[in-house]
Every structure is written in C-alpha cells, then in structure tokens.
Amino acid sequence: MQTTLAKKICIYLAAALLALVIALPVLWLFIMSISSSTHLTTLPLEWWPDSPTLENYRSLLIYAENTPSQSFLYAIRNSIFIALAATGLSICAAIPAAYSFSRMPGPRRKNLLYAVIAIFMLPPVALVLPLYTVMNALGLLNTHFALIVVYCSILLPFATWLLKSNFDTIPGDLDEAPIIDGANRLQAIWYVILPIARPALGAAVMMSVLLSWDEFFYGLLFTNDIRSKTITVAIADLAAGRVADYGLISAAGILAAVPPVILAFFMQKTLVSGLASGSVKG
C-alpha cells in the first residue's frame, strides 16, 4: 500500500512539474502581451505590469491599412486556408494509399512505403532548392498553391503511415464481407473501414493541421507579401525592424496559438486514442 501511494505521488509530482514547465513560457508570453513597451524595458525587471493593457491585442485585431494588423489578419486568413486545404488533400490521398499498403502488401509496396517515409525524414534544406526552382519556373512563388503543394509533400507520408498502422489492426474480413455482397472497394473503405478508424483519422487530421500551421521554413522562402504570407512568417516580420515591439510580438504569439488550442481541445480524445491505436501494430 505504501509503495503504491508513493508511486502515485511521484507520478502526480512529475505530471505537475511537466505542466509547470510547459505553462510557464506561455504565462510569461501572456504577461508580456499585456505590458507596455516602457514596462518591458524597465530595469530591474518587474514580473507583473502596474497597469495591464490590451492595446497590443487591439493593434493586431482592429484592421487598418499599412499597420501590423493588416499583415497579421491576412496571415491568419492565409494560414487557415492553406492548412485546411493541404490537410484535406493529404487525407484524401492518404486514405486509399494507407489502405493499399495495409490490405495489399508486397515487396514492392513495402519498399515504396519505406521510400515515402525516407523522403518525409529528409531535412527541408535538402529539398528547398529544387522546389524553389520548380515553383519559380511555374510562376507559383508567393501563392497559396505553392505552399499547399509543398505542405502536401510533408503531410501525405505522415498521414499515410499513421492510417496504415491503424488499418493493420482492423481485421480484413470486415471489408471483404461487403465486397462479396456486391460493394466496391471504395464503398467498403467509406462505410466499413473509416467508421472504425475514426480516431486515427481524427488524429491524422489534427496533426496535419498543426504541422501546416506551425511550418515556417517554406513559408519564409516562398512568400514575400500579404497575399500568401503565413502567420509564422508574419510574427517573424514583427521582429525584423530596427526596434522590436516585444509586447506586440507576444500578443501575436498568443493569438496565433488560439486556433490550434481550440482544435486540440475539441479533438484531444480523438488524438490520444488515434495515436495509441495506430501504434499497436506497424
């Protein structure tokens, strides 16, 4: 009994310590976002502002021409559109690909799967030059389409691997039965496999959206104005001037984290169960 109690206490203490380590940077970012520039440059440093203000948030959320709010709001719109489009296309392609790898295995398919994962593991800097050359030749630089295509090349291998691992845990008889009864392969996937694999599908969607939302390297190189600039690049631009407004940058960071946090809140159960079920067999 004492050993069990001590074990539980250690687990809870470790969890509390982990939560504290994760929460402290976010808390400090929020404190900076409600502080004035004068307070942030005062020495010695004060942990809480004497007069908290929401001016930084108003500067970003109230639209005005040729102000940080213009670039920030356009970037939020661009990131939402690009992340959803890249995720949708990747998932639509990953479902039949994962099903094929799972239900019709073979040496060639196995090698192809490992080749796809190997490409996914390549560092972005190894691919950026050929991608930039192709996009420039096609006139696609500084467009949504360019980032969507590039992000799909990142998301598709990840989603395929995750869904394939989950499909492997589903007995093959479940989708063979409706095929014997006259259904085609796509109907078996849609009406039988996907409802069972819904947690893994939700996890793949959520992780794909987050990967697209947080991507910075390609967004920085392939965009240069508000037409297609993403939120990560827009926040970096706030710090690119001769004098950085740290309160404004912090407010932008807090606002940029809101959509992923909302998505994670509503899909947390799907994420945990999906990743766990996908790791049973691979």
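Keep in mind that this is a model prediction, so the values were computed, not measured.

All right, on to the packing of helix α5 (residues 107–120) against helix α7 (residues 144–167) then. Packing of α5 against α7 brings their axes to within 9 Å, and their N-to-C directions diverge by 135 degrees. Between α5 and α7, the angle is such that the two are oblique. The crossing of α5 and α7 is left-handed. Of the residues in α7, those in contact with Leu-113, Tyr-114, Val-116, Ile-117 and Phe-120 of α5 are Ile-154, Pro-157, Phe-158, Trp-161 and Lys-164. A breakdown of the residues in the contact of α5 with α7 according to their chemical character gives 9 nonpolar, no polar and 1 charged.

The subject of this paragraph is the environment of Pro-199. Within the secondary structure layout, Pro-199 lies in helix α10 (residues 198–214). Relative accessible area serves as the criterion here: at 29%, Pro-199 is assigned to the partly exposed category. On a C-alpha basis, the gap between Pro-199 and Asn-166 in space is 9.3 Å, while along the polypeptide they are 33 residues apart.

Turning our attention to the pattern of salt bridges. A complete count under the given rule lists 5 salt bridges for this structure. Here Glu-176 ties to Arg-185 by a salt bridge, and the two come within 3.4 Å at their closest N and O atoms.

So, on to the nonpolar core. Ranked by size, the top nonpolar core spans 20 residues in total, and within it Ile-95, Leu-163 and Phe-167 carry the most contacts. Contacts of Leu-163, omitting those with residues within four sequence positions, involve Ala-94, Ile-95, Ala-98, Ala-200, Leu-201 and Ala-204. In this structure, Ile-231, Ala-234, Leu-238 and Leu-248 belong to the second largest nonpolar core, which totals 18 residues.

A word on a nonpolar patch on the surface. A contiguous nonpolar surface patch, about 960 Å² in accessible area, is contributed by Leu-17, Leu-20, Val-21, Leu-24, Leu-27, Phe-30, Leu-45, Trp-47 and Trp-48. The class for Val-21 is exposed, based on a relative accessible area of 54%.

Right, let's get into the environment of Trp-47. Structurally, the position occupied by Trp-47 is in the loop between α2 (37–40) and α3 (55–61). As for Trp-47 and Trp-28, which are separated by 19 residues in sequence, their C-alpha atoms are 8.5 Å apart. Every residue in contact with Trp-47, bar those within four places of it in the chain, is listed here: Trp-28 and Ile-31.

Rules behind the numbers
- Residues numbered from 1 in each chain as written.
- Predicted model: local features only at pLDDT ≥ 70, side-chain atom pairs only at ≥ 80, totals over all residues.
- Heavy atoms only, no water.
- Axes fitted to C-alpha atoms, helices over the stretch in contact; angles between N-to-C directions.
- Helix = DSSP H or I, 4+ residues; strand = E, 2+ residues; numbered from the N terminus.
- Parallel < 35°, antiparallel > 145°, perpendicular 65-115°, else oblique.
- Left-handed = near helix turned anticlockwise from the far one by under 90°.
- Contact = heavy atoms within 4.5 Å.
- Nonpolar A, V, L, I, M, F, W, Y, C, P; charged D, E, K, R; others polar.
- Buried < 20%, exposed > 50% of the residue type's maximum accessible area, 1.4 Å probe, protein only.
- Salt bridge = Lys/Arg side-chain N within 4 Å of Asp/Glu carboxyl O.
- Core = buried A, V, L, I, M, F, W, Y, C linked by side-chain atoms within 4.5 Å.
- Patch = residues over 30% accessible without salt bridge, like charges linked within 9 Å, V, L, I, M, F, W, Y side chains within 5 Å.
- Areas by Shrake-Rupley, 256 points an atom, 1.4 Å probe, with all protein chains shown as cover.

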